[in-house]
Amino acid sequence: MADNDLGSLLGGLLGGGQGGASGGGDILGSLLRSLTNGQGGGGNPLGGLMDMLMKSGLADQAQSWIGTGENKPVSAEQVAQALPADTLQEDAAQTGVSSEKAADQIARHLPQAVDKLTPGGELPRSGASLEDLIRQQSL
């Protein structure tokens, strides 16, 4: 249920049901929940995801989403290479899509989601609740 709540919040942040944004919210919600669980629940899933992307050669793209300028695109292949395969497969299964479709949805929606969650050009503090951050940006 918590995955659905986070997915719904992210879907709303991304523009509701227009153009598959709610599906993108579901897969991003599942991904961020997986990363939180992998960090013992106390970590910042958005920060952990950004670190993972930066270490995978996507630093320019990730920094552009956090910054205040134009968001650089990322491909589904780049997302699939940056994420642990088991995490992507698990998130795909939880949202009822293939791993390839999950990577595509993440690639399409992650830049916009990160951009909206970092309006000041900085990652949120690690103690901040992701749900609260989304609610603040959706106001």
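Overview of the structure. (Residues numbered from 1 in each chain as written. Predicted model: local features only at pLDDT ≥ 70, side-chain atom pairs only at ≥ 80, totals over all residues. Heavy atoms only, no water.)

## Digging into the packing of helix α3 (residues 45–66) against helix α6 (residues 99–117)
Running from amino to carboxyl end, α3 crosses α6 at an angle of 95°, the nearest separation of the two axes being 12 Å. Looking at the two axes, α3 sits roughly perpendicular to α6. Where α3 approaches α6, its residues Leu-46, Leu-49, Met-50, Leu-53, Trp-65 and Ile-66 are matched on the opposing element by Leu-110, Pro-111, Val-114, Asp-115 and Leu-117. Taken together, the residues of the contact of α3 with α6 break down into ten nonpolar, no polar and one charged. (Axes fitted to C-alpha atoms, helices over the stretch in contact; angles between N-to-C directions. Helix = DSSP H or I, 4+ residues; strand = E, 2+ residues; numbered from the N terminus. Parallel < 35°, antiparallel > 145°, perpendicular 65-115°, else oblique. Contact = heavy atoms within 4.5 Å. Nonpolar A, V, L, I, M, F, W, Y, C, P; charged D, E, K, R; others polar.)

## Let's talk about the nonpolar core
With 34 residues, the main nonpolar core has Leu-49, Met-50, Leu-53, Ile-106 and Leu-110 as its most contacted residues. Elements supplying a minimum of two residues to this core: α1 (2–13), α2 (21–38), α3, α4 (76–82), α5 (85–95), α6 and α7 (130–138). Those residues in contact with Leu-110, other than ones at most four positions away along the chain, are Leu-28, Leu-49, Leu-53 and Trp-65. (Core = buried A, V, L, I, M, F, W, Y, C linked by side-chain atoms within 4.5 Å. Buried < 20%, exposed > 50% of the residue type's maximum accessible area, 1.4 Å probe, protein only.)

As far as function goes, none of this settles anything; it's purely spatial.
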